[in-house]
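Report on the structure
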Amino acid sequence: MNVQTLQITKSLLPMVPDARQSAAYEVNQRETIVGQSLILEADGVTTTWRATRWVQGTSGWTAELIPTLHDSRHSASAINSLGQMAGGSPTATGEERFYSFDGTTVVDRGGLGGPAEVGGINVDGTIVGSVGIPKDRAAVSHVNELPVLLPDLGGQASFATAINDLGVIVGSAMNPAGEFRAVRWTRSPTTGNYVVEDLGLSRGRAFSINNEGEIVGSFVTSRGERGFYRSKSGAIKELPMISYASIAYAINESGQVTGTSWVRRSDAHAVLWTNVR
């Protein structure tokens, strides 16, 4: 695999009050970013991950917590071009539920009783993610339909992490050898069913795809975990990191990429990459 490196600029996003760490998972065409922040609670000891939104104004970026279903651990892992957000939030009994948030109202999108994680939401309101029944498998969740399991690579787990407005899905799937691979799901023009494609990245995970078909994620080499950008033509570029490791979680239509980079193993920062094309 030929991975290119290049000079790409990066900048740190602001922290919300009492945040100890942060991670940015997706950015939309309006340049609104969603993710999560590790918040120090009132007792001064407990820390909890909370859903976070970053908005760019005339004076720069601002960070704010957003409401979800339950007052417990939660994250915002997806946002579409209309500003609708989606994520996962457990109930008081520990059941994982999908939710969406339009900026005003939080909607319970259901769950299947086991672990559930939202990966993406498109303009049609289609949510993709993963469920733990009967094993960790990728699923497409529709507004009024049950989740539909996606084909995998023959391993024990697969995860759908993003869907664009054309219905193309990306994520990761384990192969029979037990290695995770970055994958893309598209509908067959003859049957209409989803088919899965291995993108050829060693220990790779694809986290986002825009409407141009550009994909970002991470892969692992002997040098550690690195973020990548994949153009619509299939060319792959390695993204620069702070010093230790990096993961690219999202790309918008302008080619802006968000993710996380580490100074050291326990010191993570939300990062914005530009000029990746």
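Now for a quick tour of the structure. The model shown is predicted, which means the values in this text are computed figures rather than measured ones. (Residues numbered from 1 in each chain as written. Predicted model: local features only at pLDDT ≥ 70, side-chain atom pairs only at ≥ 80, totals over all residues. Heavy atoms only, no water.)

Each helix and strand in the protein chain was counted, giving zero helices and 25 strands. The C-alpha atoms of the protein chain give 18 Å as radius of gyration, which agrees with the globular expectation for 277 residues (19 Å, within 12%). Considered along the principal axes of its C-alpha atoms, the protein chain spans approximately 55 × 45 × 35 Å. For the protein chain, the proportion of its 277 residues judged to be buried stands at 52%. Total accessible area computed for the protein chain in this model is approximately 12200 Å², and 49% of it derives from carbon and sulfur atoms. Between the centroid of the 23 positive side chains of the protein chain and the centroid of its 26 negative side chains there is a distance of 6 Å. (Helix = DSSP H or I, 4+ residues; strand = E, 2+ residues; numbered from the N terminus. Rg over C-alpha atoms; globule rule 2.2 N^0.38 Å. Buried < 20%, exposed > 50% of the residue type's maximum accessible area, 1.4 Å probe, protein only. Areas by Shrake-Rupley, 256 points an atom, 1.4 Å probe, with all protein chains shown as cover. Lys, Arg positive; Asp, Glu negative; His and termini not counted. Charge placed at Lys NZ, Arg CZ, Asp CG, Glu CD.)

This brings us to the layout of surface pockets. Approximately 650 Å³ is the volume found for the largest pocket. Lining the largest pocket are 27 residues, with Y25, S77, E117, V118 and F207 sitting closest to its centre. Those elements that place two or more of their residues in the lining of the largest pocket are β3 (19–27), β7 (75–79), β8 (85–90), β11 (116–121), β12 (127–131), β15 (158–163), β19 (205–209) and β23 (245–251). Counting residues per element, the lining of the largest pocket draws most heavily on β11, which supplies four residues. For the lining of the largest pocket, the per-class residue count stands at eleven nonpolar, eleven polar and five charged. (1 Å grid on protein atoms, 1.4 Å probe; cavity = no way out; pocket = protein on both sides within 12 Å on 5 of 7 lines; lining within 4 Å. Points joined across faces, edges and corners; volume = space filled by probe spheres on them. Nonpolar A, V, L, I, M, F, W, Y, C, P; charged D, E, K, R; others polar.)

Time to look at the sheet that holds strand β17 (residues 180–187). Pairing is antiparallel across the open sheet formed by four strands, whose spatial order is β15-β16-β17-β18. With partners counted over all chains shown, the strands left at the sheet margins are β15 and β18 (194–198), one partner each. The sheet shows a mean angle of 30 degrees between the axes of neighbouring strands, taken without regard to direction. With six bridges connecting them, strand β16 (residues 169–174) and β17 associate as antiparallel partners. If you follow G171 over to β17, its bridge partner there is V183. (Pairing = 2+ DSSP bridges. Axes fitted to C-alpha atoms, helices over the stretch in contact; angles between N-to-C directions.)

With that settled, consider the packing of aromatic side chains. What the rule picks out here adds up to four aromatic pairs. Aromatic pair F159 and F180: ring centres 5.9 Å apart, planes at 45 degrees, arrangement tilted. In this pair, F159 sits in strand β15 while F180 sits in strand β17, placing the two residues 21 residues apart along the sequence. Classification of F180 by relative accessible area gives partly exposed; the value is 27%. Every member of this aromatic cluster is reached through a ring pair, and the members are Y25, F207 and Y249. (Phe/Tyr/Trp six-rings, centres within 6.5 Å; stacked < 30°, edge-to-face > 60°.)

All right, on to empty space enclosed by the protein then. Empty space left among the atoms is revealed by rolling a probe the size of a water molecule over them. A complete count under the given rule lists one cavity of 30 Å³ or more for this structure. Space inside the largest cavity adds up to approximately 160 Å³. Looking at the largest cavity, it is lined by 19 residues, and the ones nearest its centre are E26, Q29, I79, I209 and E253. Counting residues per element, the ones that place at least two in the lining of the largest cavity are β3 and β19. When the residues that make up the lining of the largest cavity are grouped by side-chain class, the tally is six nonpolar, ten polar and three charged.

Positive phi, close to 70 degrees, is recorded for D18, a residue that is not glycine. Exposure remark for D18: the relative accessible area of 48% places this residue in the partly exposed category. Of note, the phi angle at E31 is positive, near 65 degrees, even though the residue is not glycine. Tracing the backbone through its elements, the reader meets E31 in the loop between β3 and β4 (33–40). The partly exposed category is assigned to E31, whose relative accessible area is 24%.

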